[in-house]
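For reference, the chains in residue letters:
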Amino acid sequence: MLRLYTTPGCHLCEHAEAILDAEAIPFTPVDIAEDPELIERYGVRIPVVADDAGNELGWPFDATALRRFHG
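Given the structure is predicted, the values throughout are model-derived calculations rather than measurements.

Caption draft 1: Representation of the sheet that holds strand 4 (residues 56–58) in the model. Here we have four strands laid out as an open sheet, ordered 2-1-3-4, and mixed in their pairing. Of all strands in the sheet, those with a lone pairing partner are strand 2 (27–31) and strand 4, marking the two edges. Taking the axes of each pair of neighbouring strands and ignoring which way they run, one obtains an average angle of 25° across the sheet. Here strand 1 (residues 2–6) runs beside strand 2; their pairing, made up of five bridges, is parallel. The partner of Arg-3 across the bridge, within strand 2, is Thr-28. Relative to the sheet, helix 1 (residues 11–22) contacts strand 1, strand 2 and strand 3 (48–50), its axis offset from that of strand 1 by approximately 160°. Against the sheet, helix 3 (residues 63–70) contacts strand 1, strand 3 and strand 4, and its axis sits at roughly 170° relative to strand 4.

Quick look at the structure:
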């Protein structure tokens, strides 16, 4: 399952979540605000989608890029 690194109030993250939902791609949101290490790693990069193999797709992305990454 994909992870979406996000944080509350991030309008780009909301847009990324909408793309994931529209493509019916299951994901788990991960709030970076809960972990200082994640804040350091993703603080200026969110939203970022990651898979279990450690591959990441950073913003900006669209549905086509997301399907290519997930598929």
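Caption draft 2: Molecular detail of the state of the cysteines. For the structure shown, the criterion picks out one disulfide. In this model, Cys-10 is linked to Cys-13 through a disulfide, with the two sulfur atoms separated by 2.4 Å. The chirality of the disulfide connecting Cys-10 with Cys-13 is right-handed, given an S-S dihedral of about 75°. Taking the relative accessible area as the measure of exposure, Cys-10 reaches 13% and is therefore buried. By relative accessible area, Cys-13 is classed as buried at 1%.

Caption draft 3: Fine view of the pattern of salt bridges. In total, this model carries four salt bridges according to the counting rule given. Taking the shortest distance from any N to any O, the salt bridge between Asp-52 and Arg-3 comes out at 3.3 Å. Residue Asp-52 is located in the loop between strand 3 and strand 4, and its partner Arg-3 is located in strand 1; the two are separated by 49 residues in the primary sequence. Measuring nitrogen to oxygen at the nearest pair gives 3.0 Å for the salt bridge that ties Glu-56 to Arg-41. Placement of Glu-56 in strand 4 and of Arg-41 in helix 2 (residues 36–42) is noted, with a sequence separation of 15 residues between them. Residue class for Arg-41 comes out partly exposed when judged on its relative accessible area of 49%. Each of the salt bridges in this network shares a partner with another, and the network as a whole consists of Arg-41, Arg-45 and Glu-56.

Criteria and cut-off values
Residues numbered from 1 in each chain as written. Predicted model: local features only at pLDDT ≥ 70, side-chain atom pairs only at ≥ 80, totals over all residues. Heavy atoms only, no water. Pairing = 2+ DSSP bridges. Helix = DSSP H or I, 4+ residues; strand = E, 2+ residues; numbered from the N terminus. Axes fitted to C-alpha atoms, helices over the stretch in contact; angles between N-to-C directions. Contact = heavy atoms within 4.5 Å. Disulfide = S-S within 2.5 Å. Buried < 20%, exposed > 50% of the residue type's maximum accessible area, 1.4 Å probe, protein only. Salt bridge = Lys/Arg side-chain N within 4 Å of Asp/Glu carboxyl O.

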